[in-house]
Amino acid sequence: MLLKLLFTLIPTILIELAVLWLLREKRRKVLMASVAINVMTNVPLNLYLLYVAGGIREIFVGEVIVVVVETLWYLCFVKNLKQAFIYSLLCNAISFLLGVLVQLIDLYCNIGVFY
């Protein structure tokens, strides 16, 4: 189980750092805040989806909650609600969509990473 959590957490952190970098964010405190908030939101969300509910509705609601929580977290560091929301929304949308893509590739190519 720990391996599964790390297998979702580490790529998420790397993807979201890349998104922030592409958005030209270079402040170390914001980048480190991204790592910290991902540990605080990614792990509980994946545990919830793994053990409690894993339907599309639960995934959507969970992701919306994560975007809200991360927006508030980024707001502590960037001091601009619009920028904090953009960071949170883009980081989470891109990492989520890339995760779905990887899972689809895994499913259709029978690689077996997720199953």
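Residues numbered from 1 in each chain as written. Predicted model: local features only at pLDDT ≥ 70, side-chain atom pairs only at ≥ 80, totals over all residues. Heavy atoms only, no water.

Draft legend 1. Local environment of the overall build of the chain. Each helix and strand counted, the chain has 4 helices and 0 strands in total. Taking 13 Å as the expected radius of gyration for a compact globule of 115 residues, we find that the chain reaches 14 Å, a close match to that expectation. When the backbone C-alpha atoms are referred to their principal axes, the chain occupies close to 45 × 25 × 20 Å. The buried share among the 115 residues of the chain stands at 30%. Relative to all contacts within the chain whose residues are 6 or more apart in sequence, the contacts with residues 24 or more apart total 61%. Taking the average location of the 9 positive side-chain charges in the chain and that of its 6 negative ones, the two points are 12 Å from each other. (Helix = DSSP H or I, 4+ residues; strand = E, 2+ residues; numbered from the N terminus. Rg over C-alpha atoms; globule rule 2.2 N^0.38 Å. Buried < 20%, exposed > 50% of the residue type's maximum accessible area, 1.4 Å probe, protein only. Contact = heavy atoms within 4.5 Å. Lys, Arg positive; Asp, Glu negative; His and termini not counted. Charge placed at Lys NZ, Arg CZ, Asp CG, Glu CD.)

Draft legend 2. Main features of the side chain of glutamate 16. Tracing the chain through its elements places glutamate 16 in helix H1 (residues 2–22). We note that glutamate 16 is buried and unpaired, the nearest opposite charge coming from arginine 27 at a distance of 15 Å. Among residues more than four places away in sequence, those in contact with glutamate 16 are Ser34, Asn38, Glu70, Tyr74, Cys91, Asn92 and Ser95. (Salt bridge = Lys/Arg side-chain N within 4 Å of Asp/Glu carboxyl O.)

Draft legend 3. Seen up close, the layout of surface pockets. Each pocket or cavity is described by its volume, and for the second largest pocket that value is around 200 Å³. Lining the second largest pocket are Ile56, Ile59, Phe60, Glu63, Val64, Val67, Leu89, Asn92, Ala93 and Phe96. Going through the elements one at a time, helix H3 (56–78) and helix H4 (81–109) are the ones with two or more residues in the lining of the second largest pocket. Take the lining of the second largest pocket: its biggest share by element is 6 residues, from H3. (1 Å grid on protein atoms, 1.4 Å probe; cavity = no way out; pocket = protein on both sides within 12 Å on 5 of 7 lines; lining within 4 Å. Points joined across faces, edges and corners; volume = space filled by probe spheres on them.)

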